[in-house]
Structure formats: C-alpha cells, structure tokens
Amino acid sequence: MPPKPHLLTDLRIRAAYAEGAGIYRIVPQAVVLPRDARELGGVLRWAADTGTPLVPRGSGSGMPGGNLGRGVIVDCSTAFGGVQIDAARSVARAGASATWAQVTDTARPYGLRLPPDPSSGAFATSGGMVMTNAAGPRSVRYGSVRRWVEAIEIVGVDGEIRRVARGAGSGERFALSAEQRQLVDAKFPKTRKNSSGYALDEYARSGDELDLLIGSEGTLVCVTGVEWRLEPIPPDQAGVALGFGDLAALGEAVPYLVALNPSAVELLDRTLLSFVEDAGGPVPPGLACLLLVEFERESAAAARGAVGDAVRGLRHLTAHVETAVDRAGLERLWAVRRLASPALARLPETQRSLQVVEDGCVPLERLGDYIATLRAAAARHSIPVAIFGHAGDGHMHVNALPDTTRPGWTEGLRDLYDDVTALLLELGGTPSGEHGDGRLRAGLLQRFFGPELVAQFAALKRRYDPRSILNPGVILPAADWQPLADLKVGAAVAPIPDDIALRLRDVERSGGWAVPKPELAR
Ligand SMILES: Cc1cc2nc3c(=O)[nH]c(=O)nc-3n(C[C@H](O)[C@H](O)[C@H](O)COP(=O)(O)OP(=O)(O)OC[C@H]3O[C@@H](n4cnc5c(N)ncnc54)[C@H](O)[C@@H]3O)c2cc1C
C-alpha cells in the first residue's frame, strides 16, 4: 500500500479551506499540499487504495463548490509554479499553480497574450481555468480556454504522470457509438458557451482525450501543468458604450454587434447600474441596460470604423452612445463596470451576495427574454439581484442579494433557483456558461442532458476514477444532493474559528483568492 501522505488535520487549517468563492462552507477532513507531481501521484494512489475522497483545488475562486468538500483538499495552488515562453511556437508552458496574470505578464514582453481573459485572472490558476473551461469578456471572439490549451500534464488515480496533447487522439479510454453521437448532437445546448456536463460534444468533434479532460472540474485527473497557445497582442482597439431604454432591443442589437466581430460585448443591467450610481458613477437616466463593446483591429482606422458601424447600425435603438477611440477612452468606459464591484462589496453584512443562478447562458436571440423573466422571478421572490455579463455570448452573471434577516429568505432563494432552472430549460440554455457545475448544479444535469447522456457521463467517470475518489458529488450528484445546503451564511452555517471566518469574508470582499490558504490559519 502507498505510504499515507502528510495530512494537515488541525481545525484552523481545515477551516481556511472551508470556503470558496461561491455559496458554501464545508469543513474538509484534512488538507494535503503535494510538493511535486510524484508526491501528488502518491496521494492519489493512497486515496484510491483507502477509498478516501479528494478535492483538487487551485485558488478556490470557483463559484459552484467544486473546490470544497468533506474529503481531503489537495491544494495545487502553490507547488506547480513557473511560466516559460516558447516564442517561436507561441506557447507558454505554465505550472498548474501559475495564474492567468502570471502567464499574461510573462508573455507580454514577447508581444504575445493568452486571449480568453477571466475577470478573475489575478488569482485563477492555470489548473483551475482548464478544469472549469474558464472564459471571460473576450470569449465572444476568442472562445473559452479550451481553444487555447495545447497540452496538459496530468496525474491519474493510479499515480501515473502523463502528457495529454491536442491532436493526440482519444487515448482509447472512452468511445462514443454512432447512436451516442446523435444523442450528443441532439441534447447538448446550442449556446455559444457551455461549461456544464462533460464535454462529450467537443470530444465527438475532435476525438481528443484532451477535450474530455478540459472542464472536468477535478473529477477525472489532477493537472500539474498546462501548455497554453498564445497569439500576438493586437495593435489597436476602440470601443463604444451603448445604452438601451428597453431590453427588447437586445434581440436585434446583440446579434448585429456580434456580426461585427467584436472582442467584447458586455452587459450591465439596470440592477447593476444602480450600484454604479451609488458608487458615484456616471449613469445616464432611464436605461434598461448598457452594452460595453470593444473592437480589436490591425489599425486604429479599422477599429474606429467598426465603432462607427456599431453606432450607425443601432442608431434607431440606442438611448445613449459614448465612443472611445483610444486606450484612455476605453479605460473610462470600462471603469463603469469596475465601480459596481466595490459597491456590491460594501453591502451590509445582512445582505449577502450569493451565486445560486450566476452562470446561465442562452441562445443570443433569447437574451432579452432571459433577463426580463429572471428579473420578474427575483421580484416575485423578494430577492434583489445584480445582473451583468457577456451579452455577446448570451451569458449572464447574476448575484442574488437576499436580506438574510428577512424570514423566508432561504425559501425565496430556492424558488429563484427553481424558476431560473425552468427558464433556462425553456429557452434552450445551459446552467453554466463558464463556471462549471460543481455541487450547485450537479443534480440538474438529468434535466438538461437527459438520463442517457448522464449515464455516459457516469461511464466516463468510471473509466478514469472507478472508485470515485476525485471530487465525488461534483458534475455527478451525490445521492443526497441538496444544492442549497451547507450555505456559508444563515443559522445552519458550519462553525469555524471566528478570526478565520472574518479572514475568509475579507478574501471574498477584496478578491484575495491568491493568498495561500495556510496563511489564513496563522
Ligand atoms: C471575482 C471573480 C470573478 C470571476 N470571473 C470569472 C470569469 O470572468 N470567467 C470565469 O470563467 N470564471 C470566473 N470566476 C470563477 C473562477 O475564477 C474560475 O472558475 C477559475 O477558473 C477557478 O480557478 P481556481 O484556481 O480558483 O480554481 P478552484 O476554484 O480552486 O477550482 C475550480 C475547479 O477546478 C478544479 N481544479 C483546480 N485546480 C485543479 C488541478 N490542478 N487539478 C485538477 N482539478 C483542479 C477544482 O477541483 C474545482 O472543481 C470568477 C471568480 C471570482 C471570485
């Protein structure tokens, strides 16, 4: 039997790993910090032998609870650092612990960049981004990270260290029959983005094992390194803010803008604009929503030309237009969005921001319906919401902001979760555009993908992890799945030392996810 790894079981350490960025607090049984891939292999073999559940983890900034659990947390956020650039091949070799910002900063002097740009880039690790198939504002043009992964280095539950590369084929672990491919075709969401379920659709297209592993949320393998494909930084940018008095305008405006090949089409709903206003931001009156649009082009003239096309083409719909023809102007436009976060962070302790329906994505032409119906559901259940996100992909983030002193707030949250799930099903959407399923959405997959495909998801899981030691309850639900149990707020919250609870709250408010978690326990 492989030797027992060095497990940290002190309550203070375990408490420091009890929360991620989403809604949950779950105190793990232990934490392990493997120092290299070989040691990680030993941890995996020991867990497979003893049937011990493991939770692989990066910075813990993932929203739906894939980064926490009652088993042993495997912290991969520090040991696998380092970024090397191969400029001739436009590739960055990054350790799984290297953040998007570290990859980007190292690539910049070579005139290169990693195009998908998660807003959490300062702290999201390469391992975490690959395992959630992360995306960002620029994904409307450049897709999610899947397109930019050349290869990953992985450790399996048998302790084997392997490299899995783009174009290297299936690895012959898992195959889809012609009938199953048809089912995949019929059942997978027809949205521009999807991080829900295992990516059998991408696998059916490419035949690459890599596509099975990207987005698998630490349920199949552990990642120790990523080879990122980079591209030259485009020379010029220009942008425009377009305000609309009516959400119905989005049905025409967003597809029109997407056809102009923008590098971002971000939406701020009036629910979010009210926070910008509270923070002293300049918000024109009477807007239902604001779109921030950016174009990257080979020349300043081409970028400005695209802005002109956007403004002229939508003149009959817009209530407000502000253009930005240089970097300083663009900074001013984007500052509006940035103002909302501190305003949200300043909410009173009794009004918590909870991500329970935070990642829905719908076909572009249904975006206006999605936002309007979601707003109505939130009002019906007395849960204030802040809505914003990646309009160009039909993908909206929603922060639910319940008053936790109001009797019935948990039921209201549950009703909102149920209503938004039904709405996404009706609109042909997916419950996750970029964050993944985690524990929060695992039990919904039967409804979105149907029992036959969920059986295929389970078969895939068995091929990689027959004893289900890697992140049980994530993507495939636990038998007693309850999406809104184990909340980090409310009467039933798991007890942890007060000072650590305060530090975790501070991490959440300040976006301090890059802080190594053992430091929180000191
Ligand atoms: C303020 C804020 C903004 C955000 N903005 C975005 C955004 O724009 N786009 C976006 O896509 N997401 C966003 N997120 C969510 C989050 O940052 C991403 O999901 C990110 O990719 C998670 O990286 P992480 O290192 O924190 O991983 P974690 O949260 O620690 O883990 C996420 C998942 O990956 C698995 N995992 C992590 N590392 C490994 C590994 N080495 N091996 C195997 N499995 C592993 C975990 O088990 C878990 O299931 C945001 C979060 C916050 C708090």
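Look a little higher up for the structure.
Rules and cut-offs
- Residues numbered from 1 in each chain as written.
- Predicted model: local features only at pLDDT ≥ 70, side-chain atom pairs only at ≥ 80, totals over all residues.
- Heavy atoms only, no water.
- Buried < 20%, exposed > 50% of the residue type's maximum accessible area, 1.4 Å probe, protein only.
- Helix = DSSP H or I, 4+ residues; strand = E, 2+ residues; numbered from the N terminus.
- Pairing = 2+ DSSP bridges.
- Near = heavy atom within 4 Å.
- Polar contact = N/O pair within 3.5 Å; in protein donor to acceptor, adjacent residues only side chain to side chain.
- Areas by Shrake-Rupley, 256 points an atom, 1.4 Å probe, with all protein chains shown as cover.
- Nonpolar A, V, L, I, M, F, W, Y, C, P; charged D, E, K, R; others polar.
- Expected span 1.5 Å × (residues − 1).
- Contact = heavy atoms within 4.5 Å.
- Axes fitted to C-alpha atoms, helices over the stretch in contact; angles between N-to-C directions.
- Parallel < 35°, antiparallel > 145°, perpendicular 65-115°, else oblique.
- Left-handed = near helix turned anticlockwise from the far one by under 90°.
- Salt bridge = Lys/Arg side-chain N within 4 Å of Asp/Glu carboxyl O.

Moving on, we get to the pairing of strand 12 (residues 264–269). In terms of residue burial, strand 12 counts as a mostly covered element, since six of its six residues are buried. Residues A264, E266 and L268 of strand 12 are buried on one face, and the alternating residues V265, L267 and D269, pointing to the opposite face, are buried as well. Summarising the sheet, strand 12 and strand 13 (residues 289–297) pair through six bridges and their orientation is antiparallel. Across the sheet, L268 pairs through a bridge with L290, a residue of strand 13. The pairing of strand 12 with strand 15 (residues 385–390) spans two bridges and is classified as antiparallel. Bridge pairing in strand 15 places L268 opposite F388.

This part is about the site of the ligand. Residues in close proximity to the ligand total 33 residues, the closest being P56, S61, G62, T125 and A135. A distance of 3.5 Å separates an oxygen atom of the ligand from a polar backbone atom of M129. Within the side chain of E434, a nitrogen or oxygen atom sits 3.0 Å from a nitrogen atom of the ligand. A total of 970 Å² of accessible area belongs to the ligand in isolation, and the protein chains cover 92% of it. Secondary structure elements with two or more residues in the shell around the ligand: strand 2 (54–57), helix 4 (126–132) and strand 9 (222–229). The biggest single contributor to the shell around the ligand is helix 4, with five residues. Among the residues forming the shell around the ligand, the class breakdown is 14 nonpolar, 16 polar and three charged.

When the terminal C-alpha atoms of helix 16 (residues 451–464) are compared, their 20 Å separation across 14 residues agrees well with the 20 Å that a helix rising 1.5 Å per residue should span. Residues L453, V454, Q456, F457, A459, L460, K461 and Y464 constitute the buried set of helix 16. The secondary structure elements touched by the buried residues of helix 16 are strand 8 (161–165), helix 6 (178–187), helix 7 (200–206), helix 8 (209–213) and helix 15 (445–449).

In this section: unusual backbone geometry. The backbone of S90 shows a phi angle near 50°, a positive value even though the residue is not glycine. Despite not being glycine, N133 has its phi angle at roughly 50°, a positive value. Residue classification places N133 among the buried residues on the basis of a relative accessible area of 3%.

Quick look at the side chain of H395 now. Here H395 shows up in strand 16 (residues 395–400). A polar contact of 2.9 Å, which involves the side chain of H395, links it to the side chain of K193. In this structure, H395 is in contact with K193, D359, G360, C361, L367, G389, H390, G433 and E434, ignoring residues within four places of it in sequence.

In contact at an axis separation of 10 Å, helix 13 (residues 367–380) and helix 14 (residues 409–426) are set at 160° when each is read in the N-to-C sense. By the angle between their axes, helix 13 is roughly antiparallel relative to helix 14. The two elements helix 13 and helix 14 cross, and the hand of that crossing is right-handed. When helix 13 is examined against helix 14, the residues Y370, T373, L374, A377, A378 and R380 are found in contact with a partner set consisting of L416, D419, V420, L423 and L424. Taken together, the residues that form the contact of helix 13 with helix 14 break down as eight nonpolar, one polar and two charged.

For the structure on display, the rule yields 40 salt bridges. Residue E150 pairs with R229 through a salt bridge whose shortest N-O separation is 3.6 Å. Taken as a pair, E150 in strand 7 (residues 149–155) and R229 in strand 9 lie far apart in primary sequence, 79 residues in all. For E150, a relative accessible area of 23% puts it in the partly exposed group. For E209, the salt bridge is made with R173, and the minimal N-O distance between the two is 3.8 Å. With a gap of 36 residues between them, E209 in helix 8 and R173 in the loop between strand 8 and helix 6 connect regions that are remote in the sequence. Look at E209 and you get buried, because its relative accessible area is 3%. Judged by its relative accessible area of 24%, R173 falls in the partly exposed class. Among the charged side chains, a network of salt bridges with common partners joins E19, R25, E349, R352, K488, R505, E508 and R509.

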